Each structure stands twice: as C-alpha cells, then as structure tokens.
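Report on the structure
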Amino acid sequence: MATTALMNTYGERKLTLVKGEGVYVWDDQGRRYLDALSGIAVCGLGHAHPAVTKAVSEQAATLVHCSNLYNTLPQQQLAQQLCELSGMDNVFFSNSGAEANEAAIKIARKYGNDKGVSCPTIVTMAGSFHGRTMATLTATGNAKVKTGFAPLLEGFVQVPFDDVAAVAALVNDNIVAVLVEPVQGEGGIRVPADDYLAQLRSLCDERGWLLMLDEIQTGNGRSGELFAFQHTNIKPDVVTTAKGLGNGLPIGACLARGKAGDILQPGNHGSTYGGNPLVCHVAAAVLETLQQEQLISNAREQGNYLLQGFREALQGNAGVTSIRGMGLLLGIELNRDCGELVGAAADAGLLINVTAGNTIRLLPPLTITREHADEILRIVCQLIENFQEVAA
Ligand SMILES: *Cc1c(COP(=O)(O)O)cnc(C)c1O
C-alpha cells in the first residue's frame, strides 16, 4: 500500500495488517501471524478480546468525551481501581506513555522548585527509553533518539543502569528525583540485580529524592505482577504506565503517593483528552479481565516456560550472548546485529521485534497458552540457527 502521504517516521513497512483475533493477526493477503509483539506490549489481552469490544461499544454508545472540565464515573472508577491495585494514592491520566512521563518530570521539577532548588535535576539511566517528546527524549539514555534535536532540556544527568554506586556517587544539590525502568524494554530487556530498586529506594529516602519508575512497558501484568515493582517490597513515589493499560486505546497514567501526590494543583497540568470516559471504561475492563482470567500468573508461568525453553534449546549456541526476561518481557541477545530476523520471522508466520540492534524482543499477549509458547520457541530457535549458518 502506498504510504507517500505519511511522514517517513517509520521507514518501509512490508506488512499491512487488517484483522486480529486472540494471539493472531492477518495481513491483506490473508496470511496469519502469531503476534509475539502485541503492538509493542499493548495488546496484553490479545486482539478483539470480547471484554474490550464490549467496553468500547458500551461506552461509545454512552459518552465518549466531555473534557476534564467535568467529572466522569469511568475516570473516577479507573483511578480508584489503579490505586487499590498498586498501593499508590492518586493518578493523572494522559494519552500516551511519553505524556505520563512528562507528568512525572513536572512533578519532580515542581517538587524541587517548591523546595527552592535552583535547577531541579533528574537522574536517568544509560540505555533507558522514556519517550519522544523533548523532555522524555532528553531523559532517554540512547543517542539515536536524541541526535538532531538539540537544544535539549536542562536538568537531567545520566548514570549507568543497574549501578547503585554510580547514583550514590552523584554529588549535586540540584538532584530531586531518580527516573528508572524496573526492566529496560527498548534497551534490550535488561533485568537489573534483584535488590536494585530496593537500594535505589533507600538512597532516595536518605537524600530526599523522589523514586520514579517508568512502567510504561513493564506494567499491566506483563512482568508477572501488575507492576514490576510489586516483585519487590518497595513502593515508588511516582510510577508511570501506558502501553498495556488500554489494550490499544490510547491512555497513560502517572500515579503518585505521599508528598508526590500533592504537588500538582489546579492549573499546574492538564490534558484535553486525557482519561476520557471511553479510554477509562476500556482500561477498567482490561484490569478486571487481567484478574478474572488470571492472566498475570499466566504471564509469569508462560514467561518462565519460554525463558527456560530458550535457555535449554540455545545453550552452547555461540551466536547467543544472553537470554533475559521477566514474565512475558523476553530478550535474546545475539553476537551481531540481527534486524533482518524481523522479516524472516514474518515469513515464518511470527511477529517479533529486534531492539538495541542485536536483541530479539518477545512481548506476546498475556493470554498465550503452552501451545503458543511452543510455536514461538520452535520458530525463534530455527531462525537463530539459520542466522548462524548464514554467518558461518
Ligand atoms: C513505549 C515507552 C515509552 C513511550 O510511550 P509512548 O506511548 O510511545 O509515548 C516510555 N517509556 C517506556 C519504558 C516505553 O516502553
């Protein structure tokens, strides 16, 4: 299909998808693909899930939008549900992940300005990804995302990921917050040491900094808990999420707790669409379905099965440098760039992604069964074997 009327932000796209059902999607040639990417960790319930379809049509026939000048029940209900499930106090709704992080960044800056800090500064990590807006791309630890967009914003410093000592070594009275992904997604499914978040929590408490977690990719059940921080016994001051929350309807959330929840006051922030009744009603249905169908424990179970399956099948494979994961966030790092595997996988009936150049990223729907997991294992291991033969 001609894409000439679109800005060329996504490059050439070979597939035109027309329909989805469960873990499968179909293209305009009638070919079926197992979707092991879920629209980049978005369609956790898979495609055309009846609970989502029902929620969309119910709310579309009732009230789609009325602006945030008015209270709506779906927004109130979703906020309460999210706070109960996460242990956070309150929430601001946005339309995307980057905007949820913008809210977090504004909270950190206002927290600093209210305390009289001269240039409130946020610590972020090398290899991180926080979005494509000016503040979030400045926060991002990937030169490719930033190049060409100078001047960037002031008030960010970067340290290596999974290195508490590097954060502790920062001597800077302007620091007000640490922003970090519990598992780096775009950065290649990088899972830090078990005690990383707990150590950051202690350090932030000691220094009066906010601990802000970007769970835009790890949230909504994908890691095997609703939020990845729930694998630990710490709580952040701020946590952002988006992707899986609306199963494809655009919604983001910035949740806060304690003092961080009182920082934004009337006039400080807002969004015309953010948290409208349509997206909130759907997100509420997503959270309910995650629980009713026990999809979070399924993510843990199928994720462990896949991780173990890959480790067994690829053990001793010289081209595979690392196999990492948590729940249904899985990364297989190869010893050379492997972007061409995306097309090869599609030819074999599987949608995957390659991130950080050399890492196969798998983010299948949380609804996958053992049979789907076996199909993913079989196809991906075959692709890696063929890829090695080409190199040899
Ligand atoms: C995808 C992602 C974002 C950006 O979300 P958008 O909805 O694309 O703005 C931010 N942070 C993380 C960790 C992400 O995975």
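Residues numbered from 1 in each chain as written. Predicted model: local features only at pLDDT ≥ 70, side-chain atom pairs only at ≥ 80, totals over all residues. Heavy atoms only, no water.

Things to note about the pattern of salt bridges
Keep this limit in mind: Here, a salt bridge means any side-chain nitrogen of Lys or Arg that lies within 4 Å of a carboxyl oxygen of Asp or Glu. Here a strand is any run of E in DSSP of at least two residues, a helix any run of H or I of at least four, and the numbering for each starts at the N terminus. A simple rule labels every residue: compare its accessible area, found with a 1.4 Å probe on the protein chains alone, to the largest value its type can have, and call it buried under 20%, exposed over 50%, or partly exposed in between.
For the structure shown, the criterion picks out 9 salt bridges. Of the charged contacts in the structure, one is a salt bridge between E58 and K54, with a shortest N-O distance of 3.1 Å. Pair noted here: E58 and K54 are both in helix α2 (residues 50-60), with a separation of 4 residues, about one helical turn. Accessibility expressed as a relative area gives 34% for E58, which makes it partly exposed. K54 sits in the exposed class, given a relative accessible area of 52%. Between D114 and K110 there is a salt bridge whose closest N-O contact spans 3.2 Å.

Description of α2
To keep things clear, this is the line we draw: Here, the arc refers to the directions that run from the helix axis to the C-beta atoms.
If you check which residues of α2 are buried, you get V52, A55 and Q59. One side of α2 carries all its buried residues, which in axial view fall inside an arc of 65 degrees. Projecting away from the buried face of α2 at angles above 90 degrees are the exposed residues P50 and K54.

What about the packing of aromatic side chains?
For clarity, the threshold we go by: Only the six-membered ring of Trp is used, alongside the rings of Phe and Tyr, when aromatic pairs are assigned; centres must lie within 6.5 Å, and planes under 30 degrees apart are stacked while those over 60 apart are edge-to-face, with the rest tilted. Sitting over a ring, as applied to charges here, requires NZ of Lys or CZ of Arg to be within 6 Å of the ring centre and within 35 degrees of the ring normal.
A full pass over the atoms with the stated rule returns 2 aromatic pairs. Here the aromatic rings of F161 and Y196 are separated by 5.4 Å at their centres, their planes lie at 80 degrees, and the arrangement is edge-to-face. Of the two residues, F161 is situated in the loop between β6 (156-159) and α7 (164-168) and Y196 in helix α8 (residues 196-207); the sequence distance between them amounts to 35 residues. An identical accessibility class is assigned to F161 and Y196; each is buried. With a centroid separation of 5.9 Å and an interplanar angle of 15 degrees, the aromatic rings of F227 and F229 are classed as stacked. Note on accessibility: F227 and F229 belong to one class, buried. One Lys or Arg, R32, reaches over the ring of Y24 and ends 3.7 Å from the middle of that ring. Over the ring of Y305 we find R370; its NZ or CZ atom is 3.8 Å from the centre of that ring.

Notes on the layout of surface pockets
Rules: Cavities and pockets were defined on a 1 Å grid built from protein atoms only: a cavity is a group of points that admits a 1.4 Å probe but offers it no way out, a pocket is an open group of points flanked by protein on both sides within 12 Å along at least five of seven lines, and a lining residue is one with an atom within 4 Å of any such point. Grid points are joined across faces, edges and corners, and a volume is the space filled by probe spheres set on the points. For this scheme, ten residues count as nonpolar: Ala, Val, Leu, Ile, Met, Phe, Trp, Tyr, Cys and Pro. Four count as charged, namely Asp, Glu, Lys and Arg, and the remainder, Gly too, count as polar.
In this structure, the second largest pocket occupies an estimated 610 Å³ of space. For the second largest pocket, the lining is made up of 24 residues, of which N90, V91, F92, F93 and L264 are closest to its centre. Class assignment of the residues belonging to the lining of the second largest pocket gives a composition of 11 nonpolar, 12 polar and 1 charged.

Observations regarding the environment of Q199
The following threshold applies: In protein, a polar contact means a hydrogen-donor-capable atom and an acceptor-capable atom, both N or O and within 3.5 Å, with residues adjacent in sequence counting only if both atoms are side-chain atoms; elsewhere, any N or O pair within 3.5 Å suffices.
With respect to the helices and strands, Q199 occurs in helix α8. It is 45 Å that separates the C-alpha atoms of Q199 and D347, two residues lying 148 residues apart in sequence. In this structure the side chain of Q199 is engaged in a polar contact, spanning 2.8 Å, whose partner is the side chain of D195.

Observations regarding the side chain of T289
Under the convention used in this document: Working rule for contacts: check all heavy atoms of both residues, and any pair within 4.5 Å makes them a contact.
Here T289 is to be found in helix α9 (residues 277-292). Assessed through its relative accessible area of 4%, T289 is described here as buried. Polar side-chain contacts of T289 include one of 2.7 Å to the backbone oxygen of A285. Leave out the neighbours within four places in its chain, and T289 touches L45, H49, A51, Q294 and L295.

With respect to the sheet that holds strand β9 (residues 238-241)
Heads up, the condition is: Note on pairing: DSSP must find at least two bridges between two strands before they are called paired. Lines are fitted to the C-alpha atoms to define the axes, a helix being fitted only along its stretch in contact, and any angle between axes, read from their N-to-C directions, falls within 0 to 180 degrees.
Read from one edge of the open sheet, 7 strands run β4-β10-β9-β8-β7-β5-β6, paired in mixed fashion. Since the sheet does not close on itself, it has two edges, and those belong to β4 (90-94) and β6, each with one partner. Geometrically, the sheet is characterised by an average inter-axis angle of 20 degrees between neighbouring strands, direction not taken into account. Two elements, strand β7 (residues 175-180) and strand β8 (residues 210-214), share 4 bridges in a ladder whose sense is parallel. Within the sheet, the bridge partner assigned to V178 lies in β8 and is L211. Strands β4, β5 (121-125), β6, β7, β8, β9 and β10 (252-256) of the sheet are contacted by helix α4 (residues 97-114), whose axis makes an angle of about 175 degrees with β8.

Focus on the site of the ligand
Formally: Nearness is defined per residue: one heavy atom within 4 Å of the molecule or strand is enough. Using a 1.4 Å probe, accessible areas were evaluated by the Shrake-Rupley method; residue-level cover was limited to the displayed protein chains.
As a structural note, the neighbourhood of the ligand is formed by S96, G97, A98, N101, F129, H130, G131, E181, D214, I216, Q217 and K243. One nitrogen or oxygen atom from the main chain of F129 is found 3.2 Å from a nitrogen atom belonging to the ligand. In this structure, an oxygen atom belonging to the ligand sits 2.6 Å away from a side-chain N or O atom of K243. Protein coverage of the free-state accessible area of the ligand, which is 380 Å², stands at 81%. Broken down by element, the residue count for the shell around the ligand peaks at 3 residues, all from α4. Residue classes in the shell around the ligand are distributed as 3 nonpolar, 6 polar and 3 charged.

Some points on the environment of F229
Here F229 is to be found in the loop between β8 and β9. Given the relative accessible area of 1%, F229 is considered buried. Through-space distance from the C-alpha of F229 to that of T359 is 24 Å; in sequence the pair is 130 residues apart. Among all residues touching F229, those that are not within four sequence positions of it are S86, L197, L213, E215, I234, K235, P236 and V239.

Side note on the domain arrangement of the protein
Spelled out, the test is: Domain boundaries shown here were taken from an automatic or database domain assignment. Here the quantity called buried area is the accessible surface, traced with a 1.4 Å probe, that two parts lose on coming together, added over both.
If you check the domain split of the protein, you get domain 1 (17-49 + 295-391) and domain 2 (63-292). Relative placement of domain 1 and domain 2: their C-alpha centres are 27 Å apart. Across the domain 1 to domain 2 interface the summed buried area is about 2,300 Å²; carbon plus sulfur atoms make up 61%. When the area that domain 1 buries against domain 2 is broken down by residue, the three leading residues are I296, M326 and L329, summing to 27%. On the surface where domain 1 and domain 2 come into contact, there are 3 salt bridges. The residue E225 makes a salt bridge to R300 at a minimum N-O spacing of 3.6 Å.

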